[in-house]
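# Architecture at a glance
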Amino acid sequence: MPVEPLSQKEIEDRLAELPGWSLDGDRIRRSYRLASHTAATAMVVHIAQVQEELDHHSDLTLGYDTVSLSVHTHCAGGAVTEKDVELARKVEDLAPAHGAH
């Protein structure tokens, strides 16, 4: 089943429910700050596990005490889809356990 791109309005509506996430060109993005490099690394591993479960992967960047994600759906021509929003929601759900803000 093909994945359909979200309209600009649909993206805006979904991002309104995801504080800290923003539209940047054809992707949605979010960065988190953590207490330490070890905490950031643990969060990256947790996100990688979620991405494998969803079979949907972001560009994931580990900094000293930061984790950044950038995601869009390749099979939808690089557009933002519901798959991207689902991944963002799952990351938002796991972030507090890592002390991310």
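## What to know about the overall build of the protein chain
Across its full length, the protein chain carries three helices and four strands. Along the chain direction, N to C, the helices and strands of the protein chain fall in the order α-β-β-α-β-β-α. Relative to the globule expectation of 13 Å for 101 residues, the C-alpha radius of gyration of the protein chain, 13 Å, shows essentially globular dimensions. Here the protein chain holds 101 residues, and 43% of them are scored as buried. A sequence separation of at least 24 residues applies to 65% of the contacts in the protein chain between residues at least 6 apart. About 5,600 Å² of surface is accessible on the protein chain, with carbon and sulfur atoms providing 52% of the total.

## Observations regarding the sheet that holds strand 2 (residues 27–33)
Sheets are built from strands paired through backbone hydrogen bonds, the pairs being either parallel or antiparallel. Strand order across the open sheet formed by four strands is 1-2-4-3, with antiparallel pairing between neighbours. Both edges of this open sheet fall to strand 1 (22–24) and strand 3 (59–62), since each of them pairs with a single strand only. Neighbour to neighbour, the strand axes of the sheet diverge by 25 degrees on average, direction disregarded. Of the strand pairs in this sheet, strand 3 and strand 4 (residues 66–71) are connected by four bridges, and their pairing is antiparallel. The partner of Asp 59 across the bridge, within strand 4, is Ser 70.

Cut-offs and rules
- Residues numbered from 1 in each chain as written.
- Predicted model: local features only at pLDDT ≥ 70, side-chain atom pairs only at ≥ 80, totals over all residues.
- Heavy atoms only, no water.
- Helix = DSSP H or I, 4+ residues; strand = E, 2+ residues; numbered from the N terminus.
- Rg over C-alpha atoms; globule rule 2.2 N^0.38 Å.
- Buried < 20%, exposed > 50% of the residue type's maximum accessible area, 1.4 Å probe, protein only.
- Contact = heavy atoms within 4.5 Å.
- Areas by Shrake-Rupley, 256 points an atom, 1.4 Å probe, with all protein chains shown as cover.
- Pairing = 2+ DSSP bridges.
- Axes fitted to C-alpha atoms, helices over the stretch in contact; angles between N-to-C directions.

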